[in-house]
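# An overview of the molecular structure
Here are the chains, one letter per residue:
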Amino acid sequence: MMETSLQHLLFSCLLVCCINNEVLPAGLTVSPSRSQFFQGDSVSLSCEEDNISAGWTVRRKTTKETRAQCGDGWGKPGGLICNVTYLFILDTGVYWCESREGAASSSINLTVSGGSVILQSPVLPVMEGDDVTLSCQTKTSSNLPAAFIKDGSLIRTEPAGHMTLHHVTSSDEGLYKCFISGDGESPSSWISVSEKPSTTTATDVTVAPPPISDPSGLVLRVVCHLVVFCPYFISTLLMVSLYRQRSTSRDRPVSMVINETEQGLDENYDDIMTVVTTEHHF
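Report follows, based on the coordinates. (Residues numbered from 1 in each chain as written. Predicted model: local features only at pLDDT ≥ 70, side-chain atom pairs only at ≥ 80, totals over all residues. Heavy atoms only, no water.)

## Let's talk about the environment of Asp183
Along the chain, Asp183 falls in the loop between β16 (174-180) and β17 (184-185). Taking the C-alpha atoms as reference points, Asp183 and Gly115, separated by 68 residues in sequence, lie 8.6 Å from one another. Not counting the four nearest positions on each side in its chain, Asp183 is found in contact with Ser116, Val117, Thr138 and Leu144. (Helix = DSSP H or I, 4+ residues; strand = E, 2+ residues; numbered from the N terminus. Contact = heavy atoms within 4.5 Å.)

In structure tokens form, the structure reads like this:
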């Protein structure tokens, strides 16, 4: 019974260690922050994370590679950063961060254009309600009149080559590209819009029923209690176990002595009775 309890507590502590050592996902950042590049441009990719020991690296999937790590035929690794000094059209693909254990971050798409026009758009999802500015530029200028197209339909033409989407919603998601007369058309890039986190007002807090316990918060509290009390429980049970073993080892000789004493007394009594009986008959 004691051994079973100890095993259960040890298992709980190991579970706590595993939870505390859980690898949190990293975030891939791009500098300069855009999704389209001209051939010959340079770019830096970095994995932003809190657990350096997880060994995050940048990987990619292109038309020629499926899961190539930075430094394996492309890029120059430097810690958590991967530098690409000269981009080729074949560098177009999906990029992400991955740990030694196989955990992966969200992926991003980078496009390298061999043409003369690119669309500067956010490389990461934009928050619902924010303003987003798209820029159409050539290798030499970013202020030329440009037409902006979404999902194959013309939105409008801007004389300065910049278009701002105000207070974006999920309906603004889609494939965007731009066109500059005399220079050509840019590749298409997908713009994602993420839902804005809901906020609770003071009125809502007053009239709302008591909230249901958050499972994640409950787990966190249990983990904290286990981390604090596991060593004390284990040490206490070990002391009790050792005490019981010592008590058992001390009690065993005493009982044997008592038995031997009683047996000796019985034998002496039998001897005395034999002598008395013999003398009486004599």
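## Here we look at the nonpolar core
Counting 20 residues, the largest nonpolar core has Val30, Leu45, Val58, Trp74, Tyr95 and Leu110 as the members making the most contacts within it. Of all the secondary-structure elements, those providing two or more residues to this core are β1 (27-31), β3 (43-48), β7 (81-84), β8 (93-98) and β9 (108-113). Aside from chain neighbours lying at most four places away, what touches Val58 is Leu28, Leu45, Cys47, Ala68, Gln69, Cys70, Trp74, Cys82, Tyr95, Trp96 and Cys97. Core analysis: the second largest hydrophobic core is formed by 16 residues, Val117, Val132, Cys136 and Cys178 among them. (Core = buried A, V, L, I, M, F, W, Y, C linked by side-chain atoms within 4.5 Å. Buried < 20%, exposed > 50% of the residue type's maximum accessible area, 1.4 Å probe, protein only.)

## Thoughts on the layout of surface pockets
Of the pockets and cavities examined, the largest pocket occupies roughly 280 Å³. In terms of lining residues, the largest pocket is bounded by 15 residues, among which Ile108, Asn109, Pro122, Val123 and Trp190 are the most central. Breaking the lining of the largest pocket down by element, the ones donating at least two residues are β9 and β18 (189-191). Residue composition of the lining of the largest pocket, grouped by class: seven nonpolar, eight polar and no charged. (1 Å grid on protein atoms, 1.4 Å probe; cavity = no way out; pocket = protein on both sides within 12 Å on 5 of 7 lines; lining within 4 Å. Points joined across faces, edges and corners; volume = space filled by probe spheres on them. Nonpolar A, V, L, I, M, F, W, Y, C, P; charged D, E, K, R; others polar.)

## Side note on the environment of Asp131
Structurally, Asp131 can be placed in the loop between β11 (126-127) and β12 (132-138). Residues Asp131 and Val168, 37 residues apart in the sequence, show an inter-C-alpha distance of 6.3 Å. Ignoring anything within four residues of it in the chain, the contact list for Asp131 reads Thr164, Leu165, His166 and His167. In terms of polar contacts, Asp131 uses its side chain to reach the backbone amide nitrogen of His167, at 2.8 Å. (Polar contact = N/O pair within 3.5 Å; in protein donor to acceptor, adjacent residues only side chain to side chain.)

## Some points on the pairing of β7
In the case of a regular strand, side chains alternate between the two sheet surfaces. Alternating positions in β7 separate cleanly, Cys82 and Val84 being buried on one face and Ile81 and Asn83 remaining unburied on the opposite face. One ladder, built from four bridges, connects β3 with β7; its direction is antiparallel. Each bridged residue has a counterpart across the sheet, and for Leu45 the counterpart in β7 is Cys82. Where strand β6 (residues 76-78) and β7 come together, three bridges link them in antiparallel fashion. Within β7, the residue paired with Lys76 across the bridge is Asn83. Where β6 folds back onto β7 in an antiparallel hairpin, the turn is made up of two residues, including Gly79, whose phi is positive at roughly 70°. (Pairing = 2+ DSSP bridges.)

## Observations regarding a nonpolar patch on the surface
Residues Tyr86, Phe88 and Leu90 make up a contiguous nonpolar surface patch of about 320 Å² in total accessible area. For Phe88, the position within the fold is in the loop between β7 and β8. (Patch = residues over 30% accessible without salt bridge, like charges linked within 9 Å, V, L, I, M, F, W, Y side chains within 5 Å. Areas by Shrake-Rupley, 256 points an atom, 1.4 Å probe, with all protein chains shown as cover. Salt bridge = Lys/Arg side-chain N within 4 Å of Asp/Glu carboxyl O.)

## Digging into empty space enclosed by the protein
Counted under the stated rule, the structure contains one cavity of 30 Å³ or more. Looking at the largest cavity, its volume works out to about 50 Å³. What lines the largest cavity is Phe37, Val43, Leu45, Trp74, Val84, Leu87, Asp91, Tyr95, Leu110 and Val112. Broken down by secondary-structure element, the contributors of at least two residues to the lining of the largest cavity are β3 and β9. Of the residues belonging to the lining of the largest cavity, the class tally is nine nonpolar, no polar and one charged.

## Looking at the sheet that holds strand β10 (residues 117-120)
Taken in spatial order, the three strands make up an open sheet running β10-β12-β15, and their pairing is antiparallel. Taken across any chain shown, the strands that pair with only one partner, and hence form the sheet edges, are β10 and β15 (162-165). Pairwise comparison of adjacent strand axes, ignoring direction, gives a mean angle of 15° for this sheet. Pairing of β10 with β12, which is carried by four bridges, proceeds in the antiparallel orientation. Looking at β12, one finds that Ile118 is bridged to Gln137. (Axes fitted to C-alpha atoms, helices over the stretch in contact; angles between N-to-C directions.)

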